[in-house]
Structures are given as structure tokens and as C-alpha cells.
Amino acid sequence: MKAYLNSPLFGVTITIVAFLIGSYINKKTKMAILNPILLSAFAIIFILNRFDIDYETYNLGGRLISFFIAPATVVLAVPLYKNIRLLRKKWLPILIGITVGSLAGLVVIFVLCKLLRIDRIMLISLLPKSTTAAISMETSEEIGGIPSLSVAFTAVTGICGNILGEYIFRIFKINDKVSRGVSLGTASHVLGTAKAMEMGETEGALSSLSITVAGIISVFLIPWFMNLLGI
Amino acid sequence: MKGLRQLCIILLILSLGEILQLRFNMSVPGTILGMIILLFLLMIKVVKLKNIDSISTTLLNNFALFFVPANVGIMVYFEQVKAVWVKLLIVIIISTIVVMAVTGLTVQLLDRAISKQKKGGKHESLS
């Protein structure tokens, strides 16, 4: 048994099995809060704790799966390329909107962390949370955060955006399709885009474009913001 | 062989991104540089969509799976998170609402202002 646990096969297998079950539950219940990443991660943590297996052992296989984050990030260029024509007409409002919105998010995270006395390492790990998981993890690592925490924060952010999107649009009277799409993609990446696609084709395409554009902007914006405030 | 060839293109671009990042000590992650390089190559049509379509579909379809092991990593920080998780949740919910509202409103207001200006400009040229 020990030999099996200490081979990468264990980590790879348990991850894929847990993820398939998580995706199945998510699909059946259609509830954003039952997010496949969170469900499967919690299931795996539960099993590891139950059988007293440490993270290092699990990660012998886990890191083989994590490896694919890097090439998957590169191919994010493909949906961006397919949708880039949408930028042509309204590029100025879209780019300014994404930048201003992302910056507002950073300011709010900073202020709230100070008010609630959340420590620096948590604050840093929170900063990239609106970007897609790949960018969030990479940025977190680059700015001295904890990538594992950033991934979890990112998943929770996605769920929030997915659930709250419609209410926010109603309260703030955001009626325009382009604005809605950009807003969902910028604030809550892939899960926001899932909601945008339910709203309509234009919303979906703009949301998916905004994930990557917001990611690229944030990569530059976050280190600048940290420098500015001396975080 | 097709899948392998496509994977190879992506890995080479990724490597270029990582090497550039290390060589020039940039604050931008190598993967993001790789993405920007790929976007550029697609736009100048050095790389065509059909050269990378199957690998990108495979990777993007399984995107969420790749983040599971990293997420399991929070078990290492369990004690740290346990003490503050309610506060963290508050920060996440409020900041997500702010990003969404500010982004949406900015795009909507600017878009209206710009189209108004354009219409105004047309009227002037007519008169």
C-alpha cells in the first residue's frame, strides 16, 4: 500500500476520479456553489486526512496534473484571438472599464484587509483573485503570495460572480449586453462567463474575451499597485 | 502525431516565454508572456488556428482539472485559513461586487458618452 501511495499514480488517479465525480454533481445539481474544483479538492483533502497521507505524498502525482496549467495558459490566446474582433468597435470603453474595475477591486481588497486586520500574506494572495486561475496562481507566486490560497480564493470569487451577477446588474442598472459580458469576465473569470453565456451570445463572447484581457492587465496592474502602496 | 506536433508548438512557445522572463527578470509570468507571444503569432499568421486547434481544445476543456492539486494545497495552510475564513469570505464577496459594478458601469457610461459624441460630431459636420 505504501509503495502505491508513494508513486505518482495515486495522486493522478485520485485527482481525476474526484474531479469527474465533482463535475457530475455540479452538472446534475446545476448549482454554482457546488463548484467541481472546490468539491473535488475538499473530497481529496478529506480522504488524505482520513488515511493520514500528507500533501507531499499526494502531490507526487498532483504536480503532474499541475504541470498542464502552464501550456493551458498559453492557449488562452486562442479564445482571445477568436474574439478579438469584438474589441475593434468598442476597445476604448472596454479596456478602460476593465482597468478601472480591476483597480477598484484591488483598492477594496486592500482597504478591507486593513480594516479586518487580515495579514499581509493573505492580502497578497487575495489580490489576483478576480483573474482566471492560471493567471491568479502565476501572479500570486510572482508577487510573493501563496498560490494554493489564490486558487481557492479565485474559485470562490468565480462562484460569487456567477451567483450575484444578475442582482448586481439589476441594482446598478447595467443593462447593456457588452457591459454585462465585460463585467462578468473581469470580476469572475470562467464562472462569470458561464453565467454570461446563459444571458446571451454577445455577453458570453465578451465575457470570455475579458477574462484574458483582464488577466493581462492585472499582471501589470498588481505589481504596480503593490509598489505604490508599499505592500 | 498531429496532437504531438501541436503540443510541441505550445511547449516551444511556453519555453520562449519562460526563458524571456528569466533572462530579463520580468515581473510578468513566463506563461503570460507565452500567451502574448502565441496571440502575436496568430495575428501575424505565422501560427495558424488549425496548427494548434486540437491541443487547445483538449487543454481548455480540461482547464478546471489542472487546478485541483493546487487547491488541495490549502490543507497545508488549514490552521491559518481556519482562523480568518469568515473575514476572507467578506473581502471576496464585497470586492467581487465592486469589480463587477465598477467595470460594468464604466463600460456602459463611456460607451454611451462616446457614441453621443460621435453623433454630435456628425450633426456638426452636417450643419
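About the thresholds
- Residues numbered from 1 in each chain as written.
- Chains lettered and ligands numbered in written order.
- Predicted model: local features only at pLDDT ≥ 70, side-chain atom pairs only at ≥ 80, totals over all residues.
- Helix = DSSP H or I, 4+ residues; strand = E, 2+ residues; numbered from the N terminus.
- Rg over C-alpha atoms; globule rule 2.2 N^0.38 Å.
- Buried ≥ 20, exposed ≤ 12 C-beta atoms within 10 Å, placed from the backbone.
- Contact = placed C-beta atoms within 7 Å.
- Nonpolar A, V, L, I, M, F, W, Y, C, P; charged D, E, K, R; others polar.
- Expected span 1.5 Å × (residues − 1).
- pLDDT = per-residue confidence, 0-100.
- Core = buried A, V, L, I, M, F, W, Y, C linked by C-beta atoms within 7 Å.

Trainee: Lay out the overall build of chain B with the relevant residues and their values.
Mentor: Counting secondary structure elements, chain B contains five helices and zero strands. Counted from the first residue to the last, chain B has its helices and strands arranged as α-α-α-α-α. Here the C-alpha atoms of chain B give a radius of gyration of 23 Å, more than 25% beyond the 14 Å that 2.2 N^0.38 yields for 127 residues. Counting only C-alpha atoms and orienting by the principal axes, one finds that chain B spans roughly 65 × 50 × 35 Å. Within chain B, the proportion of its 127 residues that are buried is 37%.

Trainee: Explain the interface of chain A and chain B residue by residue, including any values.
Mentor: Listed per partner, the contact involves 88 residues of chain A and 60 residues of chain B. If you tally residues by element for the side of chain A that touches chain B, the top one is helix α7 (residues 85-115) of chain A, at 16 residues. In terms of residue class, the side of chain A that touches chain B is made up of 61 nonpolar, 20 polar and seven charged.

Trainee: Tell me about helix α2 (residues 8-29) of chain A, and name the residues and values.
Mentor: Over its 22 residues, α2(A) runs 32 Å from end to end, which matches the ideal 32 Å to within 8%, given 1.5 Å per residue. Backbone geometry just downstream of α2(A) places A:Lys30 in the positive-phi region, at approximately 55°.

Trainee: Can you break down the confidence of the model for chain B residue by residue, with the values?
Mentor: For chain B, mean pLDDT is 90; residues scoring 70 or higher make up 94% of the total. Across chain B, element-level confidence peaks in helix α1 (residues 2-24) of chain B with a mean pLDDT of 95 and bottoms out in helix α5 (residues 78-126) of chain B with 87.

Trainee: Could you give an account of the nonpolar core, naming the residues involved and the relevant values?
Mentor: General note: in soluble globular proteins, nonpolar side chains tend to be found buried as a group. Ranked by internal contacts, the top residues of the largest apolar core, which has 95 residues, are A:Val74, A:Val75, A:Ala77, B:Leu38, B:Phe67 and B:Val68. The element best represented in this core is helix α10 (residues 147-171) of chain A, accounting for eleven residues. Non-local contacts of B:Leu38, meaning those with residues more than four positions away in its chain, are made with A:Val74, A:Ala77, B:Ile13 and B:Val47.

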